[in-house]
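This is what each chain is made of:
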Amino acid sequence: MSADFGGRPGLRDKLSQWLRKGRPKETAGDGDREPLLLAAAAAGLPLAPAAHPVGYRCSCDRVGCPTPARHPVSFAWQTQSTTDRAQIERWVRHQPQANFITATGMVHDVLDVPLEAGREALRRLLDAGVEVGPVAESDDGRMLFFTLTRGTPEQEDEWWPCELDCHPETMDEHPGLRWHCRGSYVLVPPARLPGEGRTVHWVRGPEQPLPDPLTLLETLTDACARHAGEESDPAGTAWPLRR
């Protein structure tokens, strides 16, 4: 997948340098927010405004919001999501506190796994020379692997929706994996979570080409299964996994 990064000369190089430096997320200023969001949009990720944290609470009016600072602000987020540079610039400047979501299942999907399983899988994939693509970490304990979407079936009933903690076809064999596809979304970096200094941030930036999800799936599910097994049995006894 190619991207011109909004036509701004040098933005791709600037982003690559920023990410390679491993700049501490705590020191990332508001000036980094707009170019990172524009780079994500230029890479083809459709964006829409999301809620933001207010201390340990959500900026929305819902009492006891179940996903504070992690959800869109509009019910029309699927049609609102866009890669249009001018619209995103308006949102960023008029809603300076807002997080942003990216709608999945249009251009890209996201394979969302427990953080430790994701780190293990990322090391294995890179060591094997696999083109991994963009990867983000969330301080709520998840790692997000951005991939191409699986396509647009001709028949509506061939679509499968996003399901939590499973592969869409086999519930038990893929513990901990969430495959975000049509009808789902994830926070796109940079984003802030409730609590002090908690963020969603890039490990590998949006300038990376999106891979086919099937090139990552086996390694990710294997790492998730091992992670789930270790959590259920810290002593190392091989107990069967149950859902």
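Residues numbered from 1 in each chain as written. Predicted model: local features only at pLDDT ≥ 70, side-chain atom pairs only at ≥ 80, totals over all residues. Heavy atoms only, no water.

Engineer: Pulling in residues and values, what's your account of the pattern of salt bridges?
Structural biologist: In the structure shown here, the tally under the stated rule is 11 salt bridges. Where arginine 70 meets aspartate 140, a salt bridge forms, and the shortest distance between an N and an O atom there is 3.3 Å. Residue arginine 70 is located in the loop between strand S3 (57-58) and helix H3 (77-80), and its partner aspartate 140 is located in the loop between strand S6 (135-138) and strand S7 (142-148); the two are separated by 70 residues in the primary sequence. Of the residues examined, arginine 70 reaches a relative accessible area of 22% and is grouped as partly exposed. The salt bridge involving arginine 226 is made with glutamate 120; its shortest N-O contact spans 2.3 Å. With arginine 226 in helix H6 (residues 214-232) and glutamate 120 in helix H5 (residues 115-127), this residue pair connects regions lying 106 residues apart in the sequence. Judged by its relative accessible area of 33%, arginine 226 falls in the partly exposed class. The network of salt bridges with common partners includes Glu120, Arg124, Asp222 and Arg226. (Salt bridge = Lys/Arg side-chain N within 4 Å of Asp/Glu carboxyl O. Helix = DSSP H or I, 4+ residues; strand = E, 2+ residues; numbered from the N terminus. Buried < 20%, exposed > 50% of the residue type's maximum accessible area, 1.4 Å probe, protein only.)

Engineer: For the pairing of strand S5 (residues 108-114), give the residues involved together with the corresponding values.
Structural biologist: Each regular strand carries side chains that alternate between the two faces of the sheet. Of all the seven residues making up S5, seven are buried; the element is thus mostly covered by neighbouring parts of the structure. Note: S5 against S7, seven bridges, orientation antiparallel. By the bridge assignment for S7, valine 113 is matched with methionine 143. Across three bridges, S5 lies against strand S8 (residues 178-180) in antiparallel orientation. Counted as the bridge partner of valine 110 is histidine 180 from S8. (Pairing = 2+ DSSP bridges.)

Engineer: So what about the confidence of the model for the protein? Which residues, and what values?
Structural biologist: With 72% of its residues at a pLDDT of at least 70, the protein reaches an overall mean of 80. At the low end of the mean pLDDT range in the protein sits helix H1 (residues 11-20), at 46; at the high end sits S6, at 98. Counting contacts from residues 1-12, a segment whose pLDDT is below 50, to residues more than four positions away or on other chains yields 23 contacts. Note on residues 155-173: pLDDT under 50 across the span, and 39 contacts to partners over four residues away in sequence or across chains. (pLDDT = per-residue confidence, 0-100. Contact = heavy atoms within 4.5 Å.)

Engineer: Which residues make up the packing of aromatic side chains, and what are the values?
Structural biologist: As enumerated under the stated definition, the model contains three aromatic pairs in all. Ring geometry for tryptophan 91 against phenylalanine 100: centres 6.3 Å apart, planes inclined by 45 degrees, an arrangement best described as tilted. Accessibility assignment for this pair places tryptophan 91 and phenylalanine 100 in one class, buried. Arranged with centres 5.2 Å apart and planes meeting at 55 degrees, the rings of phenylalanine 146 and tryptophan 202 form a pair that is tilted. Of this pair, phenylalanine 146 sits in strand S7 while tryptophan 202 sits in strand S11 (residues 199-204), and the two are 56 residues apart along the sequence. Judged by its relative accessible area of 8%, tryptophan 202 is buried. (Phe/Tyr/Trp six-rings, centres within 6.5 Å; stacked < 30°, edge-to-face > 60°.)

Engineer: Could you give an account of the side chain of histidine 201, with specific residues and numbers?
Structural biologist: Looking at the element boundaries, histidine 201 is found in strand S11. We classify histidine 201 as buried; its relative accessible area is 17%. Only 2.9 Å separates the side chain of histidine 201 from the side chain of threonine 199, close enough to count as a polar contact. (Polar contact = N/O pair within 3.5 Å; in protein donor to acceptor, adjacent residues only side chain to side chain.)

Engineer: Before we move on, can you summarise the side chain of glutamate 137 with the specific residues and values?
Structural biologist: Among the secondary structure elements, glutamate 137 is positioned in strand S6. On the basis of relative accessibility, which here comes to 12%, the residue glutamate 137 falls in the buried class. With near-sequence residues (within four places) excluded, glutamate 137 lies in contact with Leu115, Arg119, Arg142, Met143, Thr199, Val200, His201 and Val203.

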